[in-house]
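# Analysis of the macromolecular model
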Amino acid sequence: MGMMRCLAGATFLIASAATVAAGPAAADPRDCALNRWASGAAAHCGGDGRYILEVDCFGLNLSGGPVFGPYNKSVTGFADPTPGRELYTHPARDCVMPLTLGQIGIATGARITQLPTRPGLPSNAYEYDPGR
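Residues numbered from 1 in each chain as written. Predicted model: local features only at pLDDT ≥ 70, side-chain atom pairs only at ≥ 80, totals over all residues. Heavy atoms only, no water.

### Comments concerning the overall build of the chain
When helices and strands are tallied, the chain shows one helix and six strands. The secondary structure elements of the chain, listed N-terminal to C-terminal, are α-β-β-β-β-β-β. Relative to its full complement of 132 residues, the chain shows a buried share of 34%. The contacts of the chain with a sequence gap of at least 6 include a subset with a gap of at least 24, amounting to 62%. When the accessible area of the chain is evaluated, it comes to approximately 8200 Å², of which 66% is carbon and sulfur surface. (Helix = DSSP H or I, 4+ residues; strand = E, 2+ residues; numbered from the N terminus. Buried < 20%, exposed > 50% of the residue type's maximum accessible area, 1.4 Å probe, protein only. Contact = heavy atoms within 4.5 Å. Areas by Shrake-Rupley, 256 points an atom, 1.4 Å probe, with all protein chains shown as cover.)

Right, dumping it as structure tokens:
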């Protein structure tokens, strides 16, 4: 009986994973534009769905990790014109936030991605991200 229960459990897990993988496809943002400046970046995408703006910074960072060196910032943006999310269709991140995060740096890179490629801020640092 134990072997039958194990086989049934494995079959259920495989079927559940297949159902989740075959779920509705998420719409992709398109026609993305990246606006960079010396200390940060902003993004905007058309189409539908959500995307992530990632900014690589270098400088002083008192919110966690090494005090001087590289640190990453990210924010979720929404391409869909959902009511109430108009403010989040142009997400931005800046490497200079001395009063709230203790950060003074320059932007060394920026990109728009579907999935995070860099770690964001440590859990003890406060920077509001409406999409996560």
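### Some points on the environment of Arg-50
Position of Arg-50 relative to the elements: it lies in strand β3 (residues 50-61). Remark: the alpha-carbon pair of Arg-50 and Thr-89, spanning 39 residues in sequence, is separated by 9.2 Å.

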